[in-house]
Amino acid sequence: MKLDTTGLESSAPVWGSPSELVDGFSAAPFFELPVTTDFDGFQKEAIQMVKPAKGTTTLAFIFKEGVMVAADSRASMGGYISSQSVKKIIEINPYMLGTMAGGAADCQFWHRNLGIKCRLHELANKRRISVTGASKLLANILYSYRGMGLSVGTMIAGWDETGPGLYYVDSEGGRLKGMRFSVGSGSPYAYGVLDNGYRYDMSVEEAAELARRAIYHATFRDGASGGVASVYYVGPNGWKKLSGDDVGELHYKYYPVMLSTVEQEMVEVAGA
Amino acid sequence: MARYDRAITVFSPDGHLFQVEYALEAVRKGNAAVGVRGTDIVVLGVEKKSAAKLQDSRSVRKIVNLDNHIALACAGLKADARVLINRARIECQSHRLTVEDPVTVEYITRYIAGLQQKYTQSGGVRPFGLSTLIVGFDPYSGAPSLYQTDPSGTFSAWKANATGRNSNSIREFLEKNYKETSGQETIKLAIRALLEVVESGGKNIEVAVMTKEHGLRQLDEAEIDAIAAEIEAEKEAAEAAKKAPPKDK
């Protein structure tokens with residue numbers, strides 16, 4: 001999103017140059033707007049129709065050793081579970097991860113686009129882009145599409161020269177820096193477990209276990225979350241996938257079936 | 001409008017871009033400018049024509065800030081310089097806005113050089129008639145840098161360089177006398193280089209110094225005069241030392 005410099009340009013038209021300043025990805029698109037009596041209402045309806053519910057649970061937090069990122073893997077269309085094996089943690093580049101919540105296509109496409117931009121930045125400037133810069137690039141793009149029906153609620157997690165970085169970016173154009181985030185319909189449940197168990201100086205194993213538990217508890221109560229709880233760790237050498245556990249199996253791991261004594265045992269009565 | 005789409009800069013049969021070479025001529029007629037990179041400091045010096053009596057000398061600053069940590073001096077058409085400097089300043093802020101980071105010296109030099117190149121390959125415009133010396137500190141590593149651009153749009157990093165009038169003599173002097181210096185030594189080297197081609201005195205040169213902590217600082221006339229006097233004294237001492245030993249034998 002470049003500042004408007006037309007006021008300071010020389011008056012002689014420089015032919016050929018305007019097209020170089022606008023590349024296909026970052027220019028705000030424009031198309032004919034529909035003619036209706038109630039344009040605002042129409043827009044709202046259109047957005048509601050296009051916007052899929054953010055049925056998911058994703059979370060990320062910064063701790064002493066780096067960033068922990070976790071997500072479930074269920075995709076739902078209303079009450080129908082369309083998939084139990086969706087990759088919701090997107091690998092932007094070897095040291096940056098993005099999470100997916102909202103429209104799957106929107107998240108996947110724009111994260112890949114962000115990956116392209118990060119690589120171009122590296123090539124042009126001979127140094128990696130910071131997490132701050134990458135999240136800002138994404139936020140600016142999403143802002144320019146504001147109101148056009150994109151549905152993206154993502155967290156950008158990475159490790160750069162200044163250490164671990166975590167940003168929340170959404171399709172309203174918002175961008176927040178923070179230590180702990182959870183996004184999606186299961187996020188209230190995940191926050192409960194995460195906020196309760198969080199300490200800054202945890203080890204990598206402790207943090208992974210906390211993340212796993214938080215996702216599990218969210219999938220337990222939220223119908224739109226489920227499948228596999230994936231846990232990734234971002235450290236100084238890049239990201240690494242730590243685990244991917246089916247939440248059904250996690251349930252029995254955390255709450256194993258206990259054999260209990262019965263007070264009254266039912267026996268078959270022979271005959272009458 | 002159709003008259004403005006024909007290119008002004010076209011190739012000659014033997015592969016020259018004459019407009020660009022004529023622009024370099026304009027640079028060669030401009031005021032001398034010198035830049036020296038030290039280990040913790042960068043210095044820019046520019047030849048100043050003696051100000052007309054009624055002119056307010058503060059309005060003709062030749063060494064300008066592009067951002068808190070980057071400064072620029074140039075030789076050539078000063079009006080072209082103003083346009084280029086404005087665009088560079090906007091780009092510095094635009095970069096801060098889009099990636100939340102200050103520009104590196106290399107980035108802004110690449111931008112300015114790119115702009116200069118664009119004007120050698122567009123219809124209806126002529127190249128910028130100036131070469132710039134850009135100095136600054138890398139926002140992360142704190143390393144000092146000095147870069148030079150020219151009307152053709154090429155740029156490169158230098159330990160010390162000069163541009164403008166008599167730049168060849170200044171560069172020769174720098175090649176002979178350059179060594180890694182810091183602080184006051186670097187300032188002295190820059191002023192010595194400039195004094196090779198400019199009449200001595202604080203009112204004929206403008207010097208600015210940039211450090212990581214304090215940013216850009218313009219030296220005032222009294223300071224420059226003091227350093228020039230020091231340089232004179234050192235020169236005389238060196239001359240005397242050269243003459244003395246044969247007599248002792």
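- Under an unreviewed UniProt entry, the name given to chain B is Proteasome subunit alpha type, and the organism recorded is Hibiscus trionum.
- Recorded under Subunit (unreviewed entry), the UniProt text for chain B is reproduced unchanged: "The 20S proteasome core is composed of 28 subunits that are arranged in four stacked rings, resulting in a barrel-shaped structure. The two end rings are each formed by seven alpha subunits, and the two central rings are each formed by seven beta subunits."
- Taken verbatim from the UniProt record of chain B, the Function (unreviewed entry) comment is "The proteasome is a multicatalytic proteinase complex which is characterized by its ability to cleave peptides with Arg, Phe, Tyr, Leu, and Glu adjacent to the leaving group at neutral or slightly basic pH."

- As recorded in an unreviewed UniProt entry, chain A goes by the name Proteasome subunit beta, listed as coming from Hibiscus trionum.
- UniProt, in the comment section headed Catalytic activity (unreviewed entry), describes chain A in these words: "Cleavage of peptide bonds with very broad specificity."

### Some points on the overall build of chain A
Phase 1 of the analysis: When helices and strands are counted, chain A shows seven helices and twelve strands.
Phase 2 of the analysis: Across the 272 residues of chain A, 44% fall into the buried class.
Phase 3 of the analysis: The long-range fraction of contacts in chain A, counting pairs at least 24 apart against all pairs at least 6 apart in sequence, stands at 63%.
Phase 4 of the analysis: Summed over its atoms, the accessible surface of chain A is roughly 15,400 Å², and 57% of this surface lies on carbon and sulfur atoms.

### Quick word on helix H5 (residues 184-195) of chain B
Along an α-helix, a turn takes 3.6 residues, which lines up residues three or four apart on a common side.
Phase 1 of the analysis: In this model H5(B) runs 16 Å from its N-terminal to its C-terminal C-alpha over twelve residues, within 8% of the 16 Å that 1.5 Å per residue would give.
Phase 2 of the analysis: Across the twelve residues of H5(B), nine count as buried, placing the element largely inside the fold.

### Considerations on the pattern of salt bridges
Side chains bearing opposite charge may pair, as long as their charged atoms lie close to each other.
Residue and element names in this part refer to chain A.
Phase 1 of the analysis: The tally for this structure, following the rule as stated, stands at 25 salt bridges over all chains.
Phase 2 of the analysis: For the salt bridge of Lys-64 with Glu-65, the shortest nitrogen-to-oxygen distance reads 3.9 Å.
Phase 3 of the analysis: Using a relative accessible area of 44% as the deciding quantity, one classes Lys-64 as partly exposed.
Phase 4 of the analysis: Where Asp-245 meets Arg-212, a salt bridge forms, and the shortest distance between an N and an O atom there is 3.3 Å. Highlighted residues: Asp-245 in strand S12 (residues 238-246) and Arg-212 in helix H6 (residues 204-221), separated in sequence by 33 residues.
Phase 5 of the analysis: Owing to a relative accessible area of 27%, Asp-245 belongs among the partly exposed residues under this scheme.
Phase 6 of the analysis: With a relative accessible area of 12%, Arg-212 lands in the buried category.
Phase 7 of the analysis: Here the salt bridges share partners, and the residues they tie into one network are Glu-209, Arg-212, Arg-213 and Asp-245.

### Quick notes on the pairing of strand S9 (residues 205-211) of chain B
Residues and elements named next belong to chain B.
Phase 1 of the analysis: Counting buried positions along S9 gives seven out of seven residues, so the element sits mostly inside the fold.
Phase 2 of the analysis: Of the two faces of S9, both are covered, the one formed by Ile-205, Val-207, Val-209 and Thr-211 as well as the one formed by Glu-206, Ala-208 and Met-210.
Phase 3 of the analysis: Two strands pair when backbone bridges link them, and strand S2 (residues 41-47) and S9 are joined in this way by seven bridges, in the antiparallel orientation. Its bridge partner lying in S9, Val-43 is registered against Val-209.
Phase 4 of the analysis: In terms of strand pairing, S9 meets strand S10 (residues 215-218) through four bridges, oriented antiparallel. In the strand pairing of S10, Val-209 is matched with Arg-217.
Phase 5 of the analysis: Remark: three residues form the turn of the hairpin made by S9 and S10, two consecutive strands paired antiparallel.

### Considerations on the nonpolar core
Phase 1 of the analysis: One finds Val34(B), Ile170(B), Leu174(B), Ile187(B), Ile191(B) and Ile205(B) to be the most contacted residues of the largest nonpolar core, which totals 26 residues.
Phase 2 of the analysis: The element contributing the most residues to this core is H5(B), with seven residues.
Phase 3 of the analysis: Those residues in contact with Ile170(B) that lie beyond four places of it in its chain are Ala32(B), Val34(B), Ala162(B), Arg165(B), Ala193(B), Leu194(B) and Val197(B).
Phase 4 of the analysis: Counting 25 residues, the second largest nonpolar core, distinct from the first, contains Leu59(A), Ala70(A), Ala208(A) and Ala214(A).

### So, a nonpolar patch on the surface
Residue and element names in this part refer to chain A.
Phase 1 of the analysis: On the surface, Ile-116, Leu-120 and Leu-123 cluster together into a nonpolar patch covering about 290 Å² of accessible area.
Phase 2 of the analysis: Tracing the backbone shows Leu-120 in helix H3 (residues 104-125).
Phase 3 of the analysis: In this structure Leu-120 comes out as exposed when scored by relative accessible area, which is 52%.

### Here's the deal with the sheet that holds strand S9 (residues 175-177) of chain A
Residue and element names in this part refer to chain A.
Phase 1 of the analysis: Pairing in this open sheet of five strands is antiparallel, and the strands run S5-S6-S7-S8-S9 from one edge to the other. Edge positions in the sheet fall to strand S5 (89-93) and S9, since each of these pairs with one other strand and no more. Strand-to-strand twist of the sheet, defined as the mean angle between neighbouring strand axes without regard to direction, takes the value 20°.
Phase 2 of the analysis: In this sheet, strand S7 (residues 153-160) lies alongside strand S6 (residues 96-99) in antiparallel orientation, the contact comprising three bridges. Within S7, the residue paired with Leu-97 across the bridge is Ala-157.
Phase 3 of the analysis: Lying on the sheet, H3 is in contact with S5, S6 and S7; it crosses S5 at an angle near 20°.
Phase 4 of the analysis: Helix H4 (residues 131-144) rests against S6, S7, strand S8 (163-170) and S9 of the sheet, and its axis sits at about 5° to S8.

### What about the side chain of Thr104(B)?
Phase 1 of the analysis: Residue placement: Thr104(B) occurs in the loop between helix H2 (78-99) and helix H3 (105-118).
Phase 2 of the analysis: Overall, the relative accessible area of 14% leaves Thr104(B) in the buried class.
Phase 3 of the analysis: Residues contacting Thr104(B), with those up to four places away along its chain left out, are Arg127(A), Ile70(B), Asp138(B) and Pro139(B).

### Comments concerning H3(A)
Phase 1 of the analysis: In this model H3(A) runs 31 Å from its N-terminal to its C-terminal C-alpha over 22 residues, within 8% of the 32 Å that 1.5 Å per residue would give.
Phase 2 of the analysis: Those residues of H3(A) that fall on the buried side of the exposure criterion are Asp106(A), Cys107(A), Trp110(A), His111(A), Asn113(A), Leu114(A), Gly115(A), Lys117(A), Cys118(A), His121(A) and Asn125(A).
Phase 3 of the analysis: Each element contacted by the buried residues of H3(A) is listed here: S5, S6, H4 and S7 of chain A together with H3 of chain B.
Phase 4 of the analysis: The first or second residue beyond H3(A) is Lys126(A), which carries a positive phi of 55°.

### Observations regarding the state of the cysteines
Phase 1 of the analysis: All chains considered together, the criterion is met by zero disulfides over all chains.
Phase 2 of the analysis: With no disulfide of its own, Cys107(A) lies closest to Cys118(A) among cysteine sulfurs, the gap being 16 Å.
Phase 3 of the analysis: Given a relative accessible area of 1%, Cys107(A) falls into the buried group.
Phase 4 of the analysis: Not engaged in a disulfide, the cysteine Cys74(B) finds its nearest cysteine sulfur in Cys92(B); these two sulfurs lie 15 Å apart.

### Looking at the packing of H6(A) against helix H7 (residues 247-254) of chain A
Residue and element names in this part refer to chain A.
Phase 1 of the analysis: Viewed as axis vectors pointing N to C, H6 and H7 meet at an angle of 105°, and their least axial separation amounts to 10 Å. Looking at the two axes, H6 sits roughly perpendicular to H7. Contacts between H6 and H7 pair Glu-209, Arg-212, Arg-213, Tyr-216, Thr-219 and Phe-220 from the former with Val-247, Leu-250, His-251, Lys-253 and Tyr-254 from the latter.
Phase 2 of the analysis: Residues that form the contact of H6 with H7 fall into these classes: five nonpolar, two polar and four charged.

What counts and how
- Throughout this description, residue numbers start from 1 for each chain and increase along the sequence as written.
- Here every chain gets a letter starting at A, and every ligand a number starting at 1, in the order they are written.
- Since the coordinates come from a predicted model, pLDDT governs what is reported: local features require at least 70, and pairs of side-chain atoms require 80 or more to be given and counted, while whole-chain, interface and lining totals use all residues.
- In computing side-chain properties, one takes all heavy atoms of the structure into account and sets aside hydrogens as well as water.
- UniProt positions are given in the numbering used here, feature names are shortened, and annotations may be inferred rather than shown by experiment.
- In this text, helices come from DSSP runs of H or I with a minimum length of four residues, and strands from runs of E with a minimum of two, each type numbered from the N-terminal end.
- Under the scheme applied here, a residue whose accessible area is under 20% of the maximum for its type counts as buried, over 50% as exposed, and between as partly exposed, the area being computed with a 1.4 Å probe on protein chains only.
- Contacts are residue-level and defined by heavy atoms, with any inter-residue pair within 4.5 Å sufficient.
- Residue burial considers only the protein chains on display, and all accessible areas are found by Shrake-Rupley using a 1.4 Å probe.
- In a helix, the anticipated span is given by 1.5 Å times the number of residues less one.
- Criterion for a salt bridge: a side-chain nitrogen of Lys or Arg within 4 Å of a carboxyl oxygen of Asp or Glu.
- Two strands qualify as a pair provided DSSP detects at least 2 bridges between them.
- Buried Ala, Val, Leu, Ile, Met, Phe, Trp, Tyr and Cys residues form a nonpolar core when they are joined through side-chain atoms within 4.5 Å.
- For patches, a residue must show more than 30% relative accessible area and have no salt bridge; joins then use 9 Å for like charges and 5 Å for nonpolar side chains, namely Val, Leu, Ile, Met, Phe, Trp and Tyr.
- Fitted lines through C-alpha atoms give the axes, limited to the stretch in contact for helices. The angle between two N-to-C directions lies from 0 to 180 degrees.
- Disulfide assignment relies on a single distance test, namely cysteine sulfur atoms paired within 2.5 Å.
- Angle categories: roughly parallel below 35 degrees, roughly antiparallel above 145, roughly perpendicular from 65 to 115, and oblique for all the rest.
- For this classification, the nonpolar set comprises Ala, Val, Leu, Ile, Met, Phe, Trp, Tyr, Cys and Pro, the charged set comprises Asp, Glu, Lys and Arg, and every other residue, Gly included, is treated as polar.

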